[in-house]
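Here's the letter readout for the chains.
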Amino acid sequence: MDLNSASTVVLQVLTQATSQDTAVLKPAEEQLKQWETQPGFYSVLLNIFTNHSLDVNVRWLAVLYFKNGIDRYWRRVAPHALSEEEKTTLRAGLITNFNEPVNQIATQISVLIAKVARVDCPRQWPELIPTLVESVKVQDGLQQHRALLTFYHVTKTLASKRLAADRKLFYDLTSSIYSFACSLWNHHTDTFLQQICTGDEAAAANSLERTLLSLKVLRKLTVHGFVEPHWNAEVMGFLHAVFERLKQFLECSRRIRAESICRDRLEKTIILFTKVLLDFLDQHPFSFTALIQRSLEFSVSYVFTEAGEGVVFEQFIVQCMNLIKMIVKNYAYKPSKNIEDSSPETLEAHKIKTAFFTYPTLMEICRRLVTHYFLLTKEELTMWEEDPESFTVEETGGDSWKYSLRPCTEVLFIDIFHEYNQTLTPVLLEMVQSLQVYNAVGLAAYELFDSVDFDQWFKNQLLAELQVSHDRYKPIRRRVIWLIGQWISVKFKSDLRPVLYEAIRNLLQDRDLVVRIETATTLKLTVDDFEFRTDQFLPYLESMFTLLFQLLQEVTQCDTKMHVLHVLSCVIERVNMQIRPYVGCLVQYLPLLWKQSEEHNMLRCAILTTLIHLVQGLGADSKNLYPFLLPVIQLSTDVSQPPHVYLLEDGLELWLVTLENSPCLTPELLRIFQNMSALLELSSENLKNCFKIINAYIFLSSSEFLQMYAADLCRSFCELLKDITTEGQVQVLKVVENVLKVNPVLGPQMFQPLLPSVFRGIIDGERYPVVMSTYLGIMGRVLLQNARFFSLLLSQMACELGQELDQILGNMIEMWVDRMDNITQPERRKLSALALLSLLPSLNSVIQDKFCGIINISVEGLHDVMTEDSETGTYKDCMLMSHFEEPKATEDEEPPTEQDKRKKMLALKDPVHTVSLQQFIYEKLKAQQELLGEQGFHALMETVDTEIVAQLQEFLQGF
């Protein structure tokens, strides 16, 4: 691409690509896409975006195309890679000058220079760092800022490389520029502080921006540029200087007005100082040892004493608390139980911590957390009144504890209390008596297990607190019911549960929405607890469920609806079938909620979870939900629909429980299976549930299902088996085994393409026992229940392998006998015995040659399944089933699903459960004796070990 002639054309197309008119925009984008691989295209783009006289939008687009080109075509090995000559020209052009006037474009140019540096610096671009170092020294304000901006992005990118060779290069780079970076930061910091003192806010704002950028560079160099930074005096000097600079900047905040242009940037810089310390502690805990004392003194002083009043702000407090927390919890600072096993560095750090956290210091931290930071602020109380749902979401910590003050204070309290519980327990107990510090006692519940008689406290005081209905008392009601939720799984007598349920029912009718939402949370914790008893809860079930449903209708925010739905789901799950009389209102409401939540996929996930528990609770009656349920499953499991990304996992679970509880197969339920072929192609972590769904269809109505989908399934399985894990392979084979179990006549024909590989796996001696066991299960079904098809398969294999039919049969029996120990399931072991015995009676010399092995397996099978009747002294086959009995579930067990009943009915037709192995052996041996005559049969039995014969005779006594 000739630069002179092409520039005009490319400029014109870029201008068209900024158009709002799609008729102009689309062809332009297509043309630019074609030029991406043309030599010279990126040189033209460079000329365009560095020409400050051109339209900003056009220049912006040129930068973006250039940046994307670096990702795709800069590396030598990339298809259509840029030539080395053009890359040399581009590198030189990118750092010719740093005078971009538009901030957004300047940032993009800095990022793309960093992208090139990631690949080429320093080997192919040794001049980059020296050029940047010289450029940040110039007097021109714009050029200095742009060079510093680029310096930061390059440093950040190089610091992120993780290969050993790249780390070594970054260490070398850091050692060569660290002194300069420190002096640059000090210069800009001093300039800023002087300008603040003189009241020149405009100049101070510019200097502060440079201070921020140079500090960002130093952060990357300090944290990632040294193997053992504590040996470097400059590094440790800089880190100690951070504390002094922090104090200076915090004092500056007193002088800067809230509306000043400096204020926001000043707070960002203060936070960046704390990030330097936090990152260094995270990456180099032992190098940080020398800073532990100062970090703790600084943080505790500003957060827990009057020193911070008037200067600290929320995010700074959060960062200081995180610093304390990381020091307290750091495993590098915790000695081993055997002190001699601890390193000197660990012991030194622990010594510093212990010396700092004295009783007075810990007591003051605890008191300030409880009496200051735990209290609701005016803003929070206002939000409670004006927007209770938002207050609830904010309180439950939508944000991470690392960034939000209230969760951060609670986590710090838990960690400090856990670390120093012997010191702090008396302090907290004293505060319980004087201040009723419910939040602290809830957070420390596990630590206070032996120190608080919670049952007495609940009966004598907390219950009464819950019954005070005055509006001003609502924060107490909310905190007390939260406190009970924290203790319910720690220490709460079972016989107090009914009293608690009564209190919960009353609070679910509280005038205050926040109290009701918190009460719902405690209800969930109560029914989730392992000591939950259904019989205690049932008297309150109807009223509780009704009140929860009313709460679900009342709340409007997505997060709150999800929360209440989860509580409802939990209740339904625990009471199971007992929920049936009360779900009518919820069943009618869920379709409306599903429609309203079209744009809220996480709420739809919560609805799916609720439906799962509803279907399980309703059992066969869930068929009445199909008009709503089946379209929901269809949408959630259709990979061509965008929501499937969020809904698939829960959608598959719902599909499965729907099938398991379905009394019969409906056309609509059958039609949904069209989604399955695409799901099998995904080969994702959801594959296991997909196989469970396939099996559920087989048990539900094998003939209808297989008639429609067997061919597609067989094709999918053949593809899957080409590239699948051993576990996945077993799952596929189990489906085939179930098909043969349910439909032994047509099943082998439907999945015929899969059976040769099963046969080959047996005679080749498949090395994975679990796979071999499944192979033998499948072949056992074919041999025992469809002898005609087995003969055809044997002939096919003889033809494919070019061997005699008898030779292949002999190899198969020999391998079967040899690998019988691979089969661990008693059902499959009995099946193997029945299958091999089905080859008798026979005159075939190969079968007679393997007779000993067949008898050995048969006797092993007898040992597996025969139990001695203590009254008669005779043996009976424990796997025999004569009639269907509805299984009775105890209170702790889930009631049987419709699928459980179907499996039971299927077992009544299964030879494993209907044929006595003892009787079968006797009949087969008798038939073989009649076929060979007494002398021939005697000779055959002599091939069997005498001990095995003795055991066989004992089992066959009475025949």
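Please refer to the structure higher up on the page.
Quick caveat: nothing in here was measured; it's all calculated off a predicted structure. (Residues numbered from 1 in each chain as written. Predicted model: local features only at pLDDT ≥ 70, side-chain atom pairs only at ≥ 80, totals over all residues. Heavy atoms only, no water.)

*Asks:* When you look at the overall build of the chain in this model, what are you seeing that I'm missing?
*Replies:* Scanning the chain from N- to C-terminus turns up 47 helices and 2 strands. For 959 residues, the compact-globule estimate of 2.2 N^0.38 gives 30 Å, and the C-alpha radius of gyration of the chain, at 38 Å, exceeds that figure by more than 25%. Along the longest, intermediate and shortest principal axes, the C-alpha atoms of the chain span 120 × 85 × 70 Å. Summarising the internal contacts of the chain: among those between residues at least 6 apart in sequence, 73% fall at separations of at least 24. Split by element, the accessible area of the chain, about 43,700 Å² in all, is 50% carbon and sulfur. Distance between charge centres in the chain, computed from 89 positive and 120 negative side chains, equals 5 Å. (Helix = DSSP H or I, 4+ residues; strand = E, 2+ residues; numbered from the N terminus. Rg over C-alpha atoms; globule rule 2.2 N^0.38 Å. Contact = heavy atoms within 4.5 Å. Areas by Shrake-Rupley, 256 points an atom, 1.4 Å probe, with all protein chains shown as cover. Lys, Arg positive; Asp, Glu negative; His and termini not counted. Charge placed at Lys NZ, Arg CZ, Asp CG, Glu CD.)

*Asks:* Please clarify how the layout of surface pockets should be interpreted in this entry.
*Replies:* To find leftover empty space, one rolls a probe the size of a water molecule over the atoms. Of the pockets and cavities examined, the largest pocket occupies roughly 740 Å³. If you go around the largest pocket, you meet 23 residues; those closest to its centre are Phe699, Glu737, Asn738, Lys741 and Lys903. At the level of secondary structure, the elements contributing two or more residues to the lining of the largest pocket comprise helix H31 (644-660), helix H34 (687-720), helix H35 (726-742), helix H41 (826-837), helix H44 (898-907) and helix H45 (911-914). Its residues assigned to classes, the lining of the largest pocket comprises 6 nonpolar, 6 polar and 11 charged. As a volume, the second largest pocket reaches approximately 640 Å³. Residue lining of the second largest pocket: 26 residues in total, with Glu314, Tyr373, Thr377, Glu380 and Leu405 positioned closest to the centre. Looking at the lining of the second largest pocket, the elements that each hand over two or more residues are helix H13 (289-304), helix H14 (314-329), helix H16 (359-373), helix H17 (378-386), helix H18 (388-395) and helix H19 (405-419). Grouping the constituent residues of the lining of the second largest pocket by class yields 11 nonpolar, 6 polar and 9 charged. (1 Å grid on protein atoms, 1.4 Å probe; cavity = no way out; pocket = protein on both sides within 12 Å on 5 of 7 lines; lining within 4 Å. Points joined across faces, edges and corners; volume = space filled by probe spheres on them. Nonpolar A, V, L, I, M, F, W, Y, C, P; charged D, E, K, R; others polar.)

*Asks:* What should I look at first to understand the packing of aromatic side chains in this one?
*Replies:* Remark: the centre distance and the inter-plane angle together describe each pair of aromatic rings, the angle taken between the planes. Tallied over the full model, the rule gives 39 aromatic pairs. With a centroid separation of 5.2 Å and an interplanar angle of 70°, the aromatic rings of Phe41 and Tyr42 are classed as edge-to-face. Geometrically, the ring pair formed by Trp655 and Phe673 is edge-to-face, given 6.4 Å between the ring centres and 65° between the ring planes. Of the two residues, Trp655 sits in helix H31 while Phe673 sits in the loop between helix H32 (667-671) and helix H33 (676-682), which places them 18 residues apart along the sequence. When its relative accessible area of 5% is taken as the criterion, Phe673 is described as buried. (Phe/Tyr/Trp six-rings, centres within 6.5 Å; stacked < 30°, edge-to-face > 60°. Buried < 20%, exposed > 50% of the residue type's maximum accessible area, 1.4 Å probe, protein only.)

*Asks:* Can you help me understand a nonpolar patch on the surface in this one?
*Replies:* A cluster of nonpolar side chains, Met602, Val645 and Tyr646, forms an exposed patch at the surface whose accessible area comes to about 330 Å². Locating Tyr646 in the fold gives a position in helix H31. (Patch = residues over 30% accessible without salt bridge, like charges linked within 9 Å, V, L, I, M, F, W, Y side chains within 5 Å. Salt bridge = Lys/Arg side-chain N within 4 Å of Asp/Glu carboxyl O.)

*Asks:* Even after reading the chapter, I still don't get unusual backbone geometry, so can you show me in this structure?
*Replies:* Most peptide bonds take the trans form, and the phi angle of most residues other than glycine is negative. The amide bond that connects Cys121 to the next residue, Pro122, takes the cis arrangement and shows omega of 5°. With respect to the helices, strands and loops of the structure, Pro122 is situated in the loop between helix H6 (103-120) and helix H7 (128-135). Backbone torsion omega between Leu840 and Pro841 reads -5°, so that peptide bond is classified as cis. Positive phi values are uncommon outside glycine, yet His80 reaches one of about 60°. By the element assignment, His80 lies in the loop between helix H4 (56-73) and helix H5 (84-94). Look at His80 and you get exposed, because its relative accessible area is 58%. For Asn576, which is not a glycine, the phi torsion comes out positive at approximately 50°. Within the element layout of this structure, Asn576 appears in the loop between helix H27 (558-575) and helix H28 (584-596).

*Asks:* How do you make sense of the nonpolar core when you look at a structure like this?
*Replies:* The nonpolar side chains of a soluble globular protein tend to be buried with one another. Ranked by size, the top nonpolar core spans 330 residues in total, and within it Phe413, Trp655, Ile694 and Phe717 carry the most contacts. The dominant element in this core, judged by the number of residues it contributes, is H34, at 17 residues. Other than its neighbours up to four places away in sequence, Trp655 contacts Ile633, Thr637, Ile672, Phe673, Asn675, Met676, Leu679, Ile693 and Tyr697. (Core = buried A, V, L, I, M, F, W, Y, C linked by side-chain atoms within 4.5 Å.)

*Asks:* Honestly, the packing of helix H37 (residues 755-763) against helix H38 (residues 769-785) in this entry has me stumped. Any pointers?
*Replies:* For any two helices packed against each other, one specifies the crossing angle of their axes together with the interaxial distance. For the pair H37 and H38, interaxial distance at closest approach is 9 Å and the crossing angle is 120°. Here H37 lies oblique to H38, going by the angle between them. For the pair H37 and H38, the crossing hand works out as left-handed. For the pair H37 and H38, the contacting residues are Leu755, Ser757, Val758, Phe759, Gly761 and Ile762 in the first and Met772, Tyr775, Leu776, Ile778 and Met779 in the second. Residues of the contact of H37 with H38, tallied by class, amount to 9 nonpolar, 2 polar and no charged. (Axes fitted to C-alpha atoms, helices over the stretch in contact; angles between N-to-C directions. Parallel < 35°, antiparallel > 145°, perpendicular 65-115°, else oblique. Left-handed = near helix turned anticlockwise from the far one by under 90°.)

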